[in-house]
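# A structural walkthrough
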Amino acid sequence: MEPLSLRHLLPRTGRPSLPLAVVAAAPLSRRRLGGESGARRLVPRRWRHGARPSVSAVATETPRTDEAPSPSPSPSGDGAFDWLDQWYPFAPVCDLDPGAPHGKTVLGLSVVAWYDRAAGEWRVFDDACPHRLAPLSEGRVDGKGRLQCVYHGWCFDGAGACKFIPQAPALGPPVHKNGRACVASYPCVVQNKILWFYPRTEPEYRDVLERKRPPYIAEIDDPSFVTAYGIRDLLYGYDILAENIMDPSHIPYAHKGLNPSIRKYEDPGRYFEHDQEGGGPIKFKIEQASINGFASVSERGNWKFVAPCTYYSTADTDEADQGRKKTPRFMIVAFCIPVAPGRSRLIWAFPRNFGVWLDMIIPRWFYHITHNRVVDSDTYLLHVEERKFAMAGLDNWQNACYVPASSDAMVVAFRKWFKNYCKNQVVWATPQADQLPPTPTRDQLLERYWSHVVQCTSCSAALKAMKALEVALQVASVAVVGFLAVAKGTLVTSAVQRTAVVSAAVLCFVASRWLANFIEKNFYFEDYIHAYL
């Protein structure tokens with residue numbers, strides 16, 4: 001198994017995007033600070049009825065890794081975190097097909113990314129055609145490299161300007177040049193092989209990239225490193241995802257059987273009470289806490305949270321071994337993306353500079369088998385936890401939860417940041433329902449196809465190939481039996497020959513059944529029951 005998937009510091013998550021089942025929704029109004037009104041603070045969506053020059057770019061500069069993006073002054077001037085003055089990851093570029101548009105929801109915004117062949121750049125638009133608001137993510141890139149809405153065929157260039165309306169007479173008024181025929185375009189940039197976008201479309205934000213950039217991880221672009229990417233949608237909220245990733249002490253328990261149990265740090269005085277999972281104290285020291293996030297130092301390495309999405313750490317390295325030409329290094333990089341109330345998205349990247357040759361022979365989908373099991377193993381726990389937090393009220397989090405150990409220091413630091421600068425809520429870019437969505441059934445909560453496979457080019461290709469192989473094995477088993485019936489007494493005359501033919505048919509059939517089970521468990525759904533591990 002790949003070293004990355006076995007690291008004891010691996011972050012975890014999980015969420016499918018299937019329709020939700022019944023169970024009463026937990027209200028979010030109780031998540032606010034005491035005395036705050038029940039109305040969620042909403043920022044109206046900014047529709048832009050006019051094309052503007054492209055603001056997409058590919059990051060070519062190399063920002064310093066120790067620099068966090070400088071905060072933009074809050075519109076209210078009260079030091080609150082400005083959710084709309086941030087860059088948000090859309091997806092790893094390796095999971096984006098340049099030949100098709102890709103739709104996602106980020107911060108409550110429905111956006112579509114597509115590759116503009118004319119400029120050789122990715123674009124991010126509102127996912128709504130100005131004609132009848134049909135989703136452009138269901139469209140196509142036409143032969144001229146324009147984004148085409150497949151509802152009525154309207155076509156748009158890389159700046160969002162409408163270039164063709166099939167229903168408008170060629171000799172009639174140029175209605176396609178009207179500002180209302182244009183699509184809002186967001187600033188976007190490819191950095192660290194991830195497509196980022198900025199959730200403002202007004203003209204004053206056209207050059208926002210010159211003022212602030214997404215957080216930069218130098219190791220990802222280092223040619224001596226290889227990086228394994230992944231993406232998955234989750235059925236719990238942004239804050240639950242973020243605090244979960246910042247909590248390494250749960251890993252031996254919530255992910256039992258998925259990571260090696262190695263007792264690395266002894267607890268003086270603990271002679272008799274040990275558990276088989278190998279948990280123990282972890283000392284964290286929180287530093288540089290501010291509106292931009294915070295840093296943490298521990299015996300297991302340095303960790304940093306750059307608000308609102310980026311969390312990264314360096315794994316254990318032998319700092320004393322400075323004589324070696326290259327010290328093996330492994331990093332965990334996680335991007336926690338707010339999608340909607342009760343929904344979030346995780347993008348992970350694991351840069352390493354050892355075992356580089358493994359990526360030449362092991363496909364990415366093979367790593368994702370273990371990564372998705374890690375995701376599933378605590379999905380239900382976190383989904384239920386979020387609803388209990390909502391019932392208690394996030395302003396009462398520290399009273400509702402007992403967190404006496406130093407291992408909870410990063411979780412506490414995040415909760416303080418979320419309360420002090422965000423008032424325990426995400427400021428969505430569009431109006432959102434003031435309650436959590438209903439709890440789905442367990443198979444929907446843990447499903448993998450919509451939450452991961454359709455978003456991952458490697459897993460999608462593997463699933464397609466395996467389904468074709470399954471059908472081929474079934475056809476082969478039937479064909480072998482048919483051959484035996486036809487050739488009996490002619491080509492197949494001895495008992496040994498008949499046994500060999502029947503064995504081949506049985507093997508093909510058994511292999512097809514095994515493959516079908518493998519496909520179901522790794523690409524659709526596999527339950528995770530902690531009691532039997």
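Note that the structure is a prediction, hence the values are computed from the model and not measured. (Residues numbered from 1 in each chain as written. Predicted model: local features only at pLDDT ≥ 70, side-chain atom pairs only at ≥ 80, totals over all residues. Heavy atoms only, no water.)

### So, the overall build of the chain
Counting secondary structure elements, the chain contains twelve helices and 19 strands. Taken across its 533 residues, the chain has 52% of its residues classed as buried. (Helix = DSSP H or I, 4+ residues; strand = E, 2+ residues; numbered from the N terminus. Buried < 20%, exposed > 50% of the residue type's maximum accessible area, 1.4 Å probe, protein only.)

### Some thoughts on the packing of helix 6 (residues 364–377) against helix 12 (residues 495–523)
Relative orientation of the contacting elements helix 6 and helix 12 amounts to 60°, with a least axis distance of 10 Å. For the element pair helix 6 / helix 12, the angle class is oblique. Residues Trp-365, Ile-369 and Arg-373 of helix 6 form the contact with helix 12, whose own contacting residues are Phe-518, Asn-522 and Phe-523. (Axes fitted to C-alpha atoms, helices over the stretch in contact; angles between N-to-C directions. Parallel < 35°, antiparallel > 145°, perpendicular 65-115°, else oblique. Contact = heavy atoms within 4.5 Å.)

### What about the sheet that holds strand 7 (residues 147–148)?
The strand order 6-7-8-9 describes an open sheet built from four strands, whose pairing is antiparallel. The open sheet has two edge strands, strand 6 (140–141) and strand 9 (162–164), and neither has a second partner. One ladder, built from two bridges, connects strand 8 (residues 155–156) with strand 9; its direction is antiparallel. Each bridged residue has a counterpart across the sheet, and for Cys-155 the counterpart in strand 9 is Phe-164. (Pairing = 2+ DSSP bridges.)

### Things to note about the confidence of the model for the chain
A residue-level look at the chain finds 77% of positions with pLDDT of 70 or above and a mean pLDDT of 81. In this model residues 1–77 is a low-confidence stretch, pLDDT under 50, and it forms 247 contacts with partners more than four residues away in sequence or in other chains. Low confidence marks residues 316–324, where pLDDT is under 50. Its contacts with residues over four positions away, or in another chain, come to twelve contacts. (pLDDT = per-residue confidence, 0-100.)

### Description of the pattern of salt bridges
Across all of its chains, the model carries 22 salt bridges by this definition. Its salt-bridge partner being Lys-212, residue Asp-85 comes within 3.8 Å of it at the nearest N-O pair. Of this pair, Asp-85 sits in the loop between strand 1 (56–58) and strand 2 (88–92) while Lys-212 sits in the loop between helix 1 (208–211) and helix 2 (218–221); the two residues are 127 residues apart in sequence, bridging distant segments of the chain. Here Asp-85 and Lys-212 have matching classes, each one buried. Put simply, Arg-232, Arg-373, Asp-376, Arg-448 and Glu-526 are held in one network by salt bridges that share partners. (Salt bridge = Lys/Arg side-chain N within 4 Å of Asp/Glu carboxyl O.)

### Quick notes on the nonpolar core
Trp-83 and Trp-417 are the most contacted members of the largest nonpolar core, which has 82 residues in total. Looking at this core, the element that brings in the most residues is helix 9 (residues 409–422), giving nine residues. Discounting chain neighbours no more than four positions away, the residues touching Trp-83 are Tyr-88, Leu-107, Pro-199, Tyr-238, Pro-308, Pro-338, Trp-417, Phe-418, Cys-422, Gln-425, Val-426 and Val-427. Val-112, Phe-125, Cys-149 and Cys-162 belong to the second largest nonpolar core, which has 15 residues in total. (Core = buried A, V, L, I, M, F, W, Y, C linked by side-chain atoms within 4.5 Å.)

### A few points about the sheet that holds strand 4 (residues 109–116)
Strand order in the open sheet formed by four strands is 3-4-5-10, with antiparallel pairing between adjacent strands. Looking at strand neighbours, the two that pair on one side only are strand 3 (102–106) and strand 10 (185–186), the edges of this open sheet.

### Notes on helix 7 (residues 379–392)
A rise of 1.5 Å per residue sets the reference length of helix 7, with its 14 residues, at 20 Å; its end C-alpha atoms lie 20 Å apart and thus fit the reference within 8%. Among all positions in helix 7, only Thr-379, Leu-382, His-383, Glu-386, Arg-387, Phe-389 and Ala-390 are buried. Seen along its axis, helix 7 keeps its buried residues to an arc of 155°; they face one direction. When the buried face of helix 7 is taken as reference, the exposed residues oriented beyond 90 degrees from it are Lys-388 and Met-391. The inward-facing, buried residues of helix 7 abut helix 3 (238–245), helix 6, helix 8 (397–400), helix 9 and helix 10 (442–445). Two residues or fewer past helix 7, Gly-393 is found with a positive phi of approximately 95°. (Expected span 1.5 Å × (residues − 1). Arc of directions from axis to C-beta.)

### Considerations on the packing of aromatic side chains
Any two aromatic rings considered together are summarised by their centre-to-centre distance and by the angle between their planes. Overall, the coordinates contain 26 aromatic pairs when judged by the stated rule. For the ring pair Phe-305 and Trp-417, a centre distance of 5.3 Å and an interplane angle of 85° mean the geometry is edge-to-face. Of this pair, Phe-305 sits in strand 16 (residues 301–306) while Trp-417 sits in helix 9, and the two are 112 residues apart along the sequence. With a relative accessible area of 2%, Phe-305 lands in the buried category. Here Trp-417 falls in the buried class, since its relative accessible area comes to 3%. Ring centres of Tyr-449 and Trp-450 lie 5.1 Å apart, and the angle between their planes is 85°; this geometry places the pair in the edge-to-face category. On the basis of relative accessibility, which here comes to 24%, the residue Tyr-449 falls in the partly exposed class. Seen from the ring of Tyr-380, Arg-442 lies directly overhead, with NZ or CZ sitting 5.0 Å from the centre. (Phe/Tyr/Trp six-rings, centres within 6.5 Å; stacked < 30°, edge-to-face > 60°. Lys NZ or Arg CZ within 6 Å of the ring centre and 35° of its normal.)

### Some words on the side chain of Asp-239
Within the secondary structure layout, Asp-239 lies in helix 3. Here the side chain of Asp-239 touches Arg-415 through a polar contact of 3.0 Å, side chain to side chain. (Polar contact = N/O pair within 3.5 Å; in protein donor to acceptor, adjacent residues only side chain to side chain.)

### Topic: a nonpolar patch on the surface
A contiguous nonpolar patch, built from Val-502, Val-506, Phe-509 and Val-510 and spanning about 340 Å² of accessible area, is present on the exposed surface. Tracing the backbone shows Phe-509 in helix 12. Judged by relative accessible area, Phe-509 falls into the partly exposed class, the value being 47%. (Patch = residues over 30% accessible without salt bridge, like charges linked within 9 Å, V, L, I, M, F, W, Y side chains within 5 Å. Areas by Shrake-Rupley, 256 points an atom, 1.4 Å probe, with all protein chains shown as cover.)

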